[in-house]
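Structural features, examined
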Amino acid sequence: MRKNISIDLAYKSINHVGEELCGDNVEIVNNDDSRILILTDGMGSGVRANILATLTSRIIATMMRHKMSVDEVVSTIAKTLPISSVNGAAYSTFSVIQAFDNGRVYIVEYDNPECILIRHGNVERLPFRYRNIEGKEIRECEIWSEIGDSFAIMSDGCLYCGTGDIMNYSWDWKALSGCAAKAAGRSRNAQQMADYMNNACKELYGNVPTDDTTVAVLRIQEEHILSILTGPPADKTDDYRMVETFMETDGIKIVSGGSTSQMVARVLNEKLIPIEGDLDSEIPPMSKINGIDLVTEGVLTLHKTVELLERYADNDVSDDFFLELSRDNGATRLACYLMEDCSTVKLFVGKAVNVDYEEKTLPFDISARQHLTQSLIDILEKMNKKVDVYYF
């Protein structure tokens, strides 16, 4: 029986030197039965390329969201994009990967470097077939994926990366696919793999890229679930039901909140044990409950966790960021769990009002727990995590 799969998506772009806008664009579409990764590369660089790439990706995303055929997509793009007065061409190249929940993967590309598949640590060529649509030759294929498969699509700035005006012809598709295999082996998720490949290209450019350079990665993984329970239920008679539902989930279990952890310990008939050690000046100490992987304080810890995840999602991963993560507290532990150890997050949110906070001055608005919960949901979805929320 096939295990539940997780479809992990991420990308990394660097702009042409001197340009504020990237001429590549990436869109991610979540359908009811699939996830779609779209990478487009507008002709040239700068504003015009960005407009072409963005327009193309939005057309593809909208049409594929409505399950229209690739023939209709390409035909619409050909009729929509303006014609260049320089060379008579008007297009943005594109690559699309659609991964279905049942394991089927469909890939279609036009004029971008060929998609790379890494399977069992090796590069495996995809069984592309070619056909002509509206005068444009596209290649497409359909395969059944395996858990552990990594797919990488990229703009042409990822090939022949060299310093100045020199083309590095040794950095061809074969060399790039070898880099992808190494990246897949050294990374735990799609974001790390995309970062690794893109950074390799950036170094070959001598950190002065002369083309927009984007790598987008889709990885097929076994689903890893992390569940967070925060806040007691609005009706105290639901304490048992909330904790029981939470404990029935698979994977990592985290409890966040002082009164919440007391409730969980009581329902489970376990002791709530404070963790002794050096205290963090910003984040309240953690505790232990048998059967729970992490027990933290509530709103202060969650607020700091959201801050860390926002920096991670925005690629603000300087030395200061890693120094922050090295601090051993509830927020850093929770952030690391969410960054590296899960594909699906289940949030069990209690709607009880914590009166202890009504008389305290805190550095953020906690008038409703749902505001903080929504911030967490938003950043997790930005990180392309699947999020399920259950309110009590």
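Scroll up for the structure.
Remember, it's a predicted structure, so these values are computed and weren't measured experimentally.

1. Regarding the packing of helix α7 (residues 299-313) against helix α9 (residues 330-340)
Here α7 crosses α9 at 45°, and the two axes come no closer than 8 Å. Here α9 runs oblique to α7, going by the angle between their axes. Relative to α9, the crossing made by α7 is right-handed. Where α7 abuts α9, its residues Thr301, Leu302, Lys304, Thr305, Leu308, Leu309 and Tyr312 lie against Gly330, Ala331, Thr332, Leu334, Ala335, Leu338 and Met339. Partitioned by chemical class, the residues of the contact of α7 with α9 number 9 nonpolar, 4 polar and 1 charged.

2. Looking at the sheet that holds strand β8 (residues 129-133)
If you trace the 6 strands from one edge of the open sheet to the other, you get β2-β3-β4-β5-β9-β8, paired in antiparallel fashion. Two strands close off the open sheet at either side, each with one partner strand: β2 (24-30) and β8. Strand after strand, the sheet turns through a mean of 15° between neighbouring axes, direction not considered. Relative to strand β9 (residues 136-144), strand β5 (residues 104-110) runs antiparallel, the two being bridged by 6 bridges. For Ile107, the partnering residue across the bridge sits in β9 and is Cys141. Contacts from helix α1 (residues 46-65) reach β2, β3 (34-42) and β4 (92-100), with the element oriented near 155° to β3.

3. Side note on the sheet that holds strand β11 (residues 213-222)
The strand order across the open sheet formed by 5 strands is β1-β11-β10-β6-β7, and the pairing between neighbours is antiparallel. Each having just a single partner strand, β1 (5-14) and β7 (122-124) make up the two edges of the open sheet. The average angle at which neighbouring strand axes cross in this sheet is 25°, direction not considered. The pairing of strand β6 (residues 116-119) with strand β10 (residues 150-154) spans 3 bridges and is antiparallel. Bridge assignment links Ile116 to a residue of β10, and that residue is Ala152. Seen against the sheet, helix α3 (residues 173-186) touches β6, β7, β10 and β11 and runs at an angle of roughly 40° to β6. Against the sheet, helix α4 (residues 190-204) touches β1, β6, β10 and β11, its axis set at about 25° to β1.

Thresholds applied
- Residues numbered from 1 in each chain as written.
- Predicted model: local features only at pLDDT ≥ 70, side-chain atom pairs only at ≥ 80, totals over all residues.
- Heavy atoms only, no water.
- Axes fitted to C-alpha atoms, helices over the stretch in contact; angles between N-to-C directions.
- Helix = DSSP H or I, 4+ residues; strand = E, 2+ residues; numbered from the N terminus.
- Parallel < 35°, antiparallel > 145°, perpendicular 65-115°, else oblique.
- Left-handed = near helix turned anticlockwise from the far one by under 90°.
- Contact = heavy atoms within 4.5 Å.
- Nonpolar A, V, L, I, M, F, W, Y, C, P; charged D, E, K, R; others polar.
- Pairing = 2+ DSSP bridges.

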